[in-house]
Amino acid sequence: MADAARLGAIDTVMHEDRLFPPSAEFSAKARIPSLADYEALWNEVAADPVAFWEKVGREELHWFEPFTETLRWDEPQSQPQVAEWFVGGKTNASYNCLDKHIAEGNGDRIALLWEGEPGDTRRISYVQLHKHVCKFANALKSLGIQKGDRVSIYMPMVPELVIAMLGCARIGAVHSVIFGGFSAEAIADRNNDAGAVAIITADAAWRRGKVLPLKQTVDEALKKSPTVKHCIVLDRVNEAVHWTPGRDYWWRELTRNASDDCPAEPMDSEAPLFILYTSGSTGKPKGILHTTAGYTLWSKKTFEWVFDHREGDVYWCTADCGWITGHSYVTYGPLAAGATCVLYEGAPDYPDKDRFWEIIDKYNVTLFYTAPTAIRAFIKWGDDYVDKHDLSSLRVLGSVGEGINPEAWMWYHRKIGGERCPIVDTWWQTETGGIMMSPLPGAIATKPGSCTKPLPGVIPKIIDEVGDECGPDQGGMLTIAHPWPGMLRGIWNDPERYQEVYWSKVPGKYLAGDNARCDKDGYYWIMGRIDDVLNVSGHRLSTIEIESALVSHPAVAEAAAVGRPHELKGEAVAVFVTLKNAPPSDELRDELKKHVRKEIGALAQPDDIRFTNTLPKTRSGKIMRRLLRDIAAGKEAVGDTSTLEDYSVLASLRQDEE
Ligand code: WTA
């Protein structure tokens with residue numbers, strides 16, 4: 001009792017006892033084949049991170065000049081707190097993703113297996129990708145773009161998007177990829193904040209058979225982007241476009257006569273590699289800055305550890321390069337590891353709802369990485385779409401972006417993994433550069449809904465409101481105690497915000513902004529963002545736990561729980577529910593309340609349940625809780641809605657109330 005009353009600890013209501021150890025067969029071939037091996041490695045790194053990373057850094061990256069100091073880190077509180085890794089060394093991310101494999105005799109290996117939405121395909125070897133990247137890098141140079149210049153990229157998921165990223169990295173230009181669904185306004189904000197000198201785009205993109213006019217959106221954005229002098233346009237769809245001579249260039253014309261010889265620029269380890277904008281809890285998006293050596297090494301190592309990658313694997317990450325998952329696990333991590341990667345341009349339900357399973361079947365994908373929001377959609381669409389295809393090539397399944405509800409986890413395990421594939425539920429953030437906590441598939445038994453244990457080099461500490469470390473099963477703020485190579489190096493143009501958001505609340509430790517608990521077995525459970533915690537009658541409840549209870553009901557496809565002010569309880573639980581097939585009814589509403597009561601307890605029973613056809617989501621698929629909170633409270637939705645997937649969802653939710 002004394003523990004439960006501890007100041008700032010969050011009560012947990014979720015109990016999950018199912019345990020899924022890797023098969024002996026899987027472990028026997030795995031890079032890290034047992035729990036004891038994982039623990040030995042984790043302890044080795046924790047005991048002397050500098051010695052470990054010095055060795056791995058030297059062995060696994062190519063150095064034009066060796067580094068002289070592995071980590072420079074002024075403990076505990078320099079202002080702002082920035083770690084520097086591999087100081088004094090010179091390397092290049094593009095070199096590590098391309099030239100290194102060619103030098104090692106693997107140039108003929110396929111790098112990209114691309115599938116366009118309309119069904120066109122391309123196979124690109126490492127040698128060919130290297131040529132494309134060199135030509136494009138020379139094209140950038142021909143426009144006068146130099147080391148340190150910022151370049152925005154606003155493109156569909158075509159090979160040229162990866163080529164553009166690596167082309168920038170090759171000459172030391174800093175890319176800022178903007179997801180192809182953002183508005184002109186959002187593009188202009190990002191161009192201006194970064195001071196971008198150029199933008200790379202396409203005439204248009206395919207989306208569910210329709211044409212999205214990217215160039216037209218960029219034209220709009222460039223009216224408000226005074227720093228952007230050049231616009232490079234790939235002809236993907238053959239759409240007619242407006243042309244501004246002297247500013248606009250066709251990709252193909254610019255690269256046609258460019259030389260395919262472009263040696264990679266030796267870059268300082270800490271030279272900026274890219275900026276990626278992500279939303280904070282309030283205000284304008286933050287430009288998260290990652291640098292060259294540490295990020296490249298972290299994305300490569302974590303890719304190899306978590307997916308147990310080996311030669312012969314065919315890997316597919318369904319994320320768009322507009323998000324960090326696409327940076328670290330479509331482009332840099334897998335290519336630095338010399339992997340063969342599927343790249344898919346379009347939507348999961350085009351031309352039909354089995355497109356993903358068709359692609360896995362066609363390319364014999366072995367490692368598959370997707371998001372819970374997609375998994376919940378697949379469940380809603382029904383098993384028939386899955387049953388049409390042979391998924392027996394799969395050996396590891398990944399999940400990222402939000403917590404995966406245990407029932408969705410079980411479906412993924414049974415239906416997609418054939419009860420054979422370990423599921424790696426990977427917790428990390430734009431800021432962390434790569435995966436931080438995840439099962440190592442040959443070593444760590446999984447529990448549905450838990451991201452299990454920290455990777456080697458990651459030292460999580462869960463801290464309560466008064467700054468003390470929480471005990472087993474006590475929820476608190478998740479922090480990371482020691483720098484790791486892939487960590488962010490700042491917020492572009494805003495050192496104060498960087499210090500304030502990540503380093504001020506718990507001095508000396510990186511504040512992730514998530515709540516978490518660690519159970520008695522040392523397994524971590526993410527409980528949602530710090531501001532997603534509800535306080536109902538003095539009990540702090542995690543939204544994810546309530547949502548998981550709802551999703552475990554057979555009628556429910558997806559659920560979002562938020563708090564709304566309540567006279568007696570402080571906060572009442574309001575939930576938004578999408579149904580699979582059942583029609584909404586008062587009976588069902590009562591049944592769901594009882595269901596949550598049964599699954600969790602009376603304190604978590606929702607006060608209101610609203611049925612809706614879709615939940616409002618950011619373009620990366622995250623439920624927009626801030627907006628739902630406002631709707632639940634009967635207020636107008638406020639705040640930055642530029643990432644709303646569909647405004648009509650909001651309108652229909654409001655109407656529902658009237
Ligand atoms: C959430 C995406 C639970 C979390 C890579 C984090 C997760 C935020 C998980 C970062 C997971 C991501 N389990 N929650 N496996 N993965 N999150 O920056 O709240 O887009 O802080 O990076 O997503 O989102 P971001």
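From a predicted model like this one, the values you see are computed outputs, not experimental measurements.

1. Remarks on the overall build of the protein chain
Part 1 of the argument: Within the protein chain, the regular secondary structure consists of 21 helices and 30 strands.
Part 2 of the argument: Its C-alpha atoms give the protein chain a radius of gyration of 24 Å, within 12% of the compact-globule value 26 Å for 658 residues.
Part 3 of the argument: Considering only C-alpha atoms, the protein chain reaches an extent of 70 × 55 × 50 Å along its principal axes.
Part 4 of the argument: Burial status across the protein chain gives 62% buried among its 658 residues.
Part 5 of the argument: Summarising the internal contacts of the protein chain: among those between residues at least 6 apart in sequence, 71% fall at separations of at least 24.
Part 6 of the argument: In the structure as shown, the protein chain presents an accessible area of about 24,600 Å², 49% of it carried by carbon and sulfur atoms.

2. Regarding the pattern of salt bridges
Part 1 of the argument: Here the structure, examined in full by the defined rule, presents 46 salt bridges.
Part 2 of the argument: Where arginine 18 meets glutamate 407, a salt bridge forms, and the shortest distance between an N and an O atom there is 3.5 Å. With arginine 18 in the segment before helix H1 (24–29) and glutamate 407 in helix H16 (residues 406–416), this pair connects stretches of sequence that are 389 residues apart.
Part 3 of the argument: Taking the relative accessible area as the measure of exposure, glutamate 407 reaches 32% and is therefore partly exposed.
Part 4 of the argument: Note that arginine 489 and glutamate 270 form a salt bridge whose closest N and O atoms lie 2.9 Å from each other. Here glutamate 270 lies in the loop between strand E13 (267–268) and strand E14 (272–278) and arginine 489 lies in the loop between strand E22 (476–480) and strand E23 (490–491), a separation of 219 residues in the sequence.
Part 5 of the argument: Looking at arginine 489, the relative accessible area reads 7%, which means it is buried.
Part 6 of the argument: Bridged by salt links that share partners, the residues Arg31, Glu60, Lys300, Lys301 and Glu304 form one connected network.

3. Re the site of the ligand
Part 1 of the argument: The immediate surroundings of the ligand are formed by 16 residues, with Asp425, Thr426, Thr430, Asp514 and Arg529 found nearest.
Part 2 of the argument: Aspartate 425 has a polar side-chain atom sitting 2.7 Å from a nitrogen atom of the ligand.
Part 3 of the argument: Within the backbone of threonine 426, an N or O atom sits 2.8 Å from a nitrogen atom of the ligand.
Part 4 of the argument: Protein chains bury 90% of the 530 Å² of accessible surface belonging to the ligand in isolation.
Part 5 of the argument: Broken down by class, the residue content of the shell around the ligand amounts to five nonpolar, six polar and five charged.

4. Points about helix H2 (residues 35–47)
Part 1 of the argument: A rise of 1.5 Å per residue sets the reference length of H2, with its 13 residues, at 18 Å; its end C-alpha atoms lie 18 Å apart and thus fit the reference within 8%.
Part 2 of the argument: All buried positions along H2 are accounted for by Tyr38, Leu41 and Val45. Angular distribution of buried residues about the axis of H2 spans 70 degrees; they occupy a single face of the element. In H2, the exposed positions that point more than 90 degrees away from the buried face belong to Ala36 and Ala47.
Part 3 of the argument: The secondary structure elements touched by the buried residues of H2 are helix H3 (49–60) and helix H11 (292–307).

5. Considerations on the pairing of strand E6 (residues 150–154)
Part 1 of the argument: Here E6 lies mainly inside the structure; four of its five residues are buried.
Part 2 of the argument: Handedness of the E6-helix H7 (residues 159–171)-strand E7 (residues 174–177) crossover: right-handed.
Part 3 of the argument: Here E6 pairs with strand E8 (residues 198–202) via four bridges, running parallel. Counterpart to isoleucine 153 in the pairing with E8 is isoleucine 200.

6. A word on the pairing of strand E4 (residues 110–115)
Part 1 of the argument: Judged by how many residues are buried, E4 sits mostly within the fold: six of six residues are covered.
Part 2 of the argument: Where E4 lies against strand E5 (residues 121–125), five bridges are found, and the strand directions are antiparallel. Bridging from a neighbouring strand, glutamate 115 pairs with threonine 121 of E5.
Part 3 of the argument: Connecting E4 to the next strand, E5, in antiparallel fashion are five residues, including glycine 119 with a positive phi near 110 degrees.
Part 4 of the argument: Direction of pairing for E4 relative to strand E17 (residues 340–344): parallel, over a ladder of four bridges. Residue pairing in the sheet places glutamate 115 in a bridge with tyrosine 344 of E17.

7. Re the packing of helix H14 (residues 372–381) against H16
Part 1 of the argument: In the contact formed by H14 and H16, the axes pass within 10 Å of each other and the chain directions differ by 70 degrees. Considering their axes alone, H14 and H16 lie roughly perpendicular with respect to each other. Contacts between H14 and H16 involve Ile375, Arg376, Phe378 and Ile379 from the former and Ala408, Trp411 and Tyr412 from the latter.
Part 2 of the argument: The residue inventory of the contact of H14 with H16, partitioned by class, reads six nonpolar, no polar and one charged.

8. Quick word on the confidence of the model for the protein chain
Part 1 of the argument: Mean pLDDT over the protein chain: 91, with 92% of residues reaching 70 or higher.
Part 2 of the argument: Under a pLDDT of 50 for its full length, residues 1–7 has, in the predicted model, ten contacts with residues more than four places off or in other chains.
Part 3 of the argument: Across residues 641–645, where pLDDT falls below 50, the model places 17 contacts with residues more than four positions away in sequence or in other chains.
Part 4 of the argument: Listed scores for the predicted complex are pTM 0.88 and ipTM 1.00.

9. Some details on the packing of aromatic side chains
Part 1 of the argument: Using the criterion set out here, one finds 38 aromatic pairs in the structure.
Part 2 of the argument: Ring centres of tryptophan 63 and phenylalanine 86 lie 5.9 Å apart, and the angle between their planes is 55 degrees; this geometry places the pair in the tilted category. Taken together, the residues span a long stretch of sequence, with tryptophan 63 in the loop between H3 and strand E1 (69–72) and phenylalanine 86 in strand E2 (residues 84–87) at a distance of 23 residues. Both residues of the pair, tryptophan 63 and phenylalanine 86, belong to the buried class.
Part 3 of the argument: With centroids separated by 5.8 Å and ring planes inclined at 35 degrees, the aromatic side chains of phenylalanine 303 and phenylalanine 307 adopt a geometry described as tilted. Here phenylalanine 307 and phenylalanine 303 lie together in helix H11, a separation of four residues that amounts to about one turn.
Part 4 of the argument: Judged by relative accessible area, which is 0%, phenylalanine 307 ranks as buried.
Part 5 of the argument: Feature note: the residues Trp316, Tyr344, Phe356, Trp357, Phe368, Phe378 and Trp381 constitute an aromatic cluster, connected by ring pairs.
Part 6 of the argument: Over the ring of phenylalanine 67 we find arginine 58; its NZ or CZ atom is 4.2 Å from the centre of that ring.
Part 7 of the argument: A cation over a ring is seen here: lysine 447 above tyrosine 523, with NZ or CZ 4.5 Å from the ring centre.

Calculation rules
Residues numbered from 1 in each chain as written. Predicted model: local features only at pLDDT ≥ 70, side-chain atom pairs only at ≥ 80, totals over all residues. Heavy atoms only, no water. Helix = DSSP H or I, 4+ residues; strand = E, 2+ residues; numbered from the N terminus. Rg over C-alpha atoms; globule rule 2.2 N^0.38 Å. Buried < 20%, exposed > 50% of the residue type's maximum accessible area, 1.4 Å probe, protein only. Contact = heavy atoms within 4.5 Å. Areas by Shrake-Rupley, 256 points an atom, 1.4 Å probe, with all protein chains shown as cover. Salt bridge = Lys/Arg side-chain N within 4 Å of Asp/Glu carboxyl O. Near = heavy atom within 4 Å. Polar contact = N/O pair within 3.5 Å; in protein donor to acceptor, adjacent residues only side chain to side chain. Nonpolar A, V, L, I, M, F, W, Y, C, P; charged D, E, K, R; others polar. Expected span 1.5 Å × (residues − 1). Arc of directions from axis to C-beta. Right-handed = clockwise from strand over helix to strand, strands pointing away. Pairing = 2+ DSSP bridges. Axes fitted to C-alpha atoms, helices over the stretch in contact; angles between N-to-C directions. Parallel < 35°, antiparallel > 145°, perpendicular 65-115°, else oblique. pLDDT = per-residue confidence, 0-100. Phe/Tyr/Trp six-rings, centres within 6.5 Å; stacked < 30°, edge-to-face > 60°. Lys NZ or Arg CZ within 6 Å of the ring centre and 35° of its normal.

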